[in-house]
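# Geometric and topological summary
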Amino acid sequence: MSKVVKFGGSSLASAEQFKKVGDIIRADEERRYVVPSAPGKRTKNDTKVTDMLYACYDLTEEDKDFSKELKAIKARYQEIIDGLGLSLSLEKEFQTIEKNFKDKAGSNYAASRGEYLNGIIMAEYLGYEFIDAATVICFDEEGEFDAERTNKVLSKRLAKCDRAVVPGFYGALPDGTVKTFSRGGSDVTGSIVAKAAKADVYENWTDVSGFLVADPRIIKKPKGIETITYRELRELSYMGASVLHEDAIFPVRQEGIPINIRNTNAPDDNGTWIVGSTCQKSKYVITGIAGKKGFCAVNIEKDMMNSEIGFGRKVLQAFEENGISFEHVPSGIDTMTVFVHQDEFMHKEQKVVAGIHRLCNPDSIDIEADLALIAVVGRGMKSTRGTAGRIFSALAHSKINVKMIDQGSSELNIIIGVANADFEDAIKAIYDIFVETSI
């Protein structure tokens, strides 16, 4: 068996954290390939190395002296090296970085050096081979990730080494220019390496023991999620849950490789398993709750709407013509409601309204603003009767008015619309009925 292990910035912020990571890797000989992030914050008021690099490079773009800022970055790494008792020197690396900064190598190059340097330290500390991600993670000439070429190049490279460190977050264009993924891109690299290595498990180590049923900023000490499917994860992620970088899911999902979210500071915790499918039942009827504020509802009424062929298409055409995507479209016999992001819609609302009148000739159009959407997600809902009824009951008991309810045919999720002002109370009510007082 083989495991790919990715460690986030908070897991590698200091020498002390590095030692924890080293112990975790050495505790399981199957942890053969390591993907490190750049050093994160050591304390609440500290600065991530990636942000330090961006700030440093900004000075070069303005042709200002950046020696002080580069020295501070150098000190962060030297502190880790000294704390680990390594004889490693990064002097040549920093000389190259300084030269490339002066030559305006680009902000992608600048940001990537955080992972690059941490990867060198990690490889030295573990005694693993170092593989520069720029040589194995490929982007095309348009700057899009080239999955097919990357898998071919990386698979061939990993086959030649038993244990290796591959820095996260970046790769290179065909001409060798460094290109980064978006923020959180180390998760993506870990997934790509897991696919290329044909790993049995992709372990993603961070500072929390897996995913939680609800946002801890709303629910005090919410329960953890033991197992979640890719489909459930995608639903929760889309509705605002802070989970994995979305692009990190697809490479391993294609290969059927499970992801295990673990806590570097609590390595004995099982964390959360993300799988394609499972026969394991959820501990609760629901798997998770997530939501977003800032929506508005455009309510369209017209007698005999249901018998007018193409009516729905024409309504949505008015939104499409103005570059606005919709979230949900619940409808009745003579009514149709389109939920959209308020910040996208508010500046174009009259154009959209005029478009609907022009295309559909409705009896009336009413707009309701300041709404929130909440997703209640769970594979267990399909085999449990009365889930929607329990949601309504919980919200009614908390005196919360439901503006909309929408359930997909898969029965994997139920979307509820409430006023922004009721958002937190609604999540608390739903959490309480399914988790705290679950039968």
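Quantities reported herein were computed from a predicted structural model and do not represent experimental measurements.

A word on the overall build of the chain. A tally of regular secondary structure across the chain gives 14 helices and 16 strands. Overall, the chain is about 80 × 55 × 40 Å in size when its C-alpha atoms are taken along their principal axes. For the chain, buried positions account for 51% of its 439 residues. In the form shown here, the chain has an accessible surface area of approximately 21000 Å², with 46% of it arising from carbon and sulfur atoms. When the 56 positive and 65 negative side-chain charges of the chain are each reduced to one mean point, those points stand 4 Å apart.

On to unusual backbone geometry. For Asn361, which is not glycine, the phi dihedral falls at a positive 50°. Topologically, Asn361 is positioned in the loop between α12 (349-360) and β14 (364-377). When its relative accessible area of 55% is taken as the criterion, Asn361 is described as exposed. Notably, Lys399 is not glycine yet its phi reads approximately 60°, a positive angle. Along the polypeptide, Lys399 turns up in the loop between α13 (387-397) and β15 (404-407).

Here we take up the sheet that holds strand β8 (residues 227-229). Read across the sheet, 8 strands follow the order β3-β4-β2-β1-β7-β9-β10-β8 without closing on themselves; strand pairing throughout is mixed. Lying at the two open borders of the sheet, with one neighbouring strand each, are β3 (129-130) and β8. In this structure, β3 lies alongside strand β4 (residues 164-165), joined through 2 bridges in parallel fashion. By the bridge assignment, Glu129 is partnered in β4 with Ala164. The strands touched by helix α8 (residues 230-238) within the sheet are β8, β9 (259-263) and β10 (272-275), with β8 carrying the most contacts at an inclination of about 85°.

A word on a negative patch on the surface. Taken together, the side chains of Glu141, Glu142, Glu144 and Asp175 present a region of like negative charge at the surface. Along the chain, Asp175 turns up in the loop between β5 (170-172) and β6 (178-180). Asp175 sits in the exposed class, given a relative accessible area of 62%.

Once that is clear, we can look at the pairing of strand β16 (residues 413-419). Buried residues dominate β16, accounting for 6 of its 7 residues. With 4 bridges joining them, β15 and β16 adopt antiparallel strand pairing. The partner of Ile405 across the bridge, within β16, is Ile416.

Turning our eyes to something else, we now look at the state of the cysteines. Counted by the stated rule, this structure contains 0 disulfides. The thiol of Cys138 is unpaired, and the distance to the nearest cysteine sulfur, on Cys161, comes to 16 Å. The class for Cys138 is buried, based on a relative accessible area of 11%.

All of the buried residues in helix α10 (residues 311-321) are Phe311, Lys314, Val315, Ala318 and Phe319. What you see down the axis of α10 is that its buried residues fit within an arc of 150°, all on one side. When the buried face of α10 is taken as reference, the exposed residues oriented beyond 90 degrees from it are Arg313 and Glu320. On its buried side, α10 packs onto β11 (288-301), β13 (335-341), α11 (342-345) and α12. One or two residues past the end of α10 sits Gly323, with phi positive at roughly 70°.

Once that is clear, we can look at the sheet that holds β15. Spatially, 6 strands are ordered β12-β13-β11-β14-β16-β15 in an open sheet, and the strand pairing comes out antiparallel. Strands at the two margins of the open sheet, each flanked by one partner only, are β12 (326-328) and β15. Put simply, the sheet's adjacent strands are angled 40° from each other on average, direction ignored. Here α10 sits on the sheet in contact with β11, β12 and β13, set at roughly 25° to β13.

So, about a positive patch on the surface. A surface patch of positive charge is lined by Arg149, Lys152, Lys156 and Lys160. Topologically, Lys160 is positioned in the loop between α6 (147-158) and β4. For Lys160, a relative accessible area of 64% puts it in the exposed group.

Let us look at the side chain of Asn118. Residue placement: Asn118 occurs in helix α5 (residues 107-126). Among the residues examined, Asn118 registers a relative accessible area of 0% and is labelled buried.

This brings us to the packing of helix α3 (residues 67-84) against helix α4 (residues 91-102). At their nearest, the axes of α3 and α4 sit 12 Å apart, and the two run at 155° to each other. By the angle between their axes, α3 is roughly antiparallel relative to α4. By crossing handedness, the relation of α3 to α4 is classed as right-handed. Of the residues in α4, those in contact with Leu70, Ile73, Lys74 and Tyr77 of α3 are Glu91, Phe94, Ile97 and Glu98. Of the residues in the contact of α3 with α4, the class split is 5 nonpolar, no polar and 3 charged.

Cut-offs applied
- Residues numbered from 1 in each chain as written.
- Predicted model: local features only at pLDDT ≥ 70, side-chain atom pairs only at ≥ 80, totals over all residues.
- Heavy atoms only, no water.
- Helix = DSSP H or I, 4+ residues; strand = E, 2+ residues; numbered from the N terminus.
- Buried < 20%, exposed > 50% of the residue type's maximum accessible area, 1.4 Å probe, protein only.
- Areas by Shrake-Rupley, 256 points an atom, 1.4 Å probe, with all protein chains shown as cover.
- Lys, Arg positive; Asp, Glu negative; His and termini not counted.
- Charge placed at Lys NZ, Arg CZ, Asp CG, Glu CD.
- Pairing = 2+ DSSP bridges.
- Contact = heavy atoms within 4.5 Å.
- Axes fitted to C-alpha atoms, helices over the stretch in contact; angles between N-to-C directions.
- Patch = residues over 30% accessible without salt bridge, like charges linked within 9 Å, V, L, I, M, F, W, Y side chains within 5 Å.
- Salt bridge = Lys/Arg side-chain N within 4 Å of Asp/Glu carboxyl O.
- Disulfide = S-S within 2.5 Å.
- Arc of directions from axis to C-beta.
- Parallel < 35°, antiparallel > 145°, perpendicular 65-115°, else oblique.
- Left-handed = near helix turned anticlockwise from the far one by under 90°.
- Nonpolar A, V, L, I, M, F, W, Y, C, P; charged D, E, K, R; others polar.

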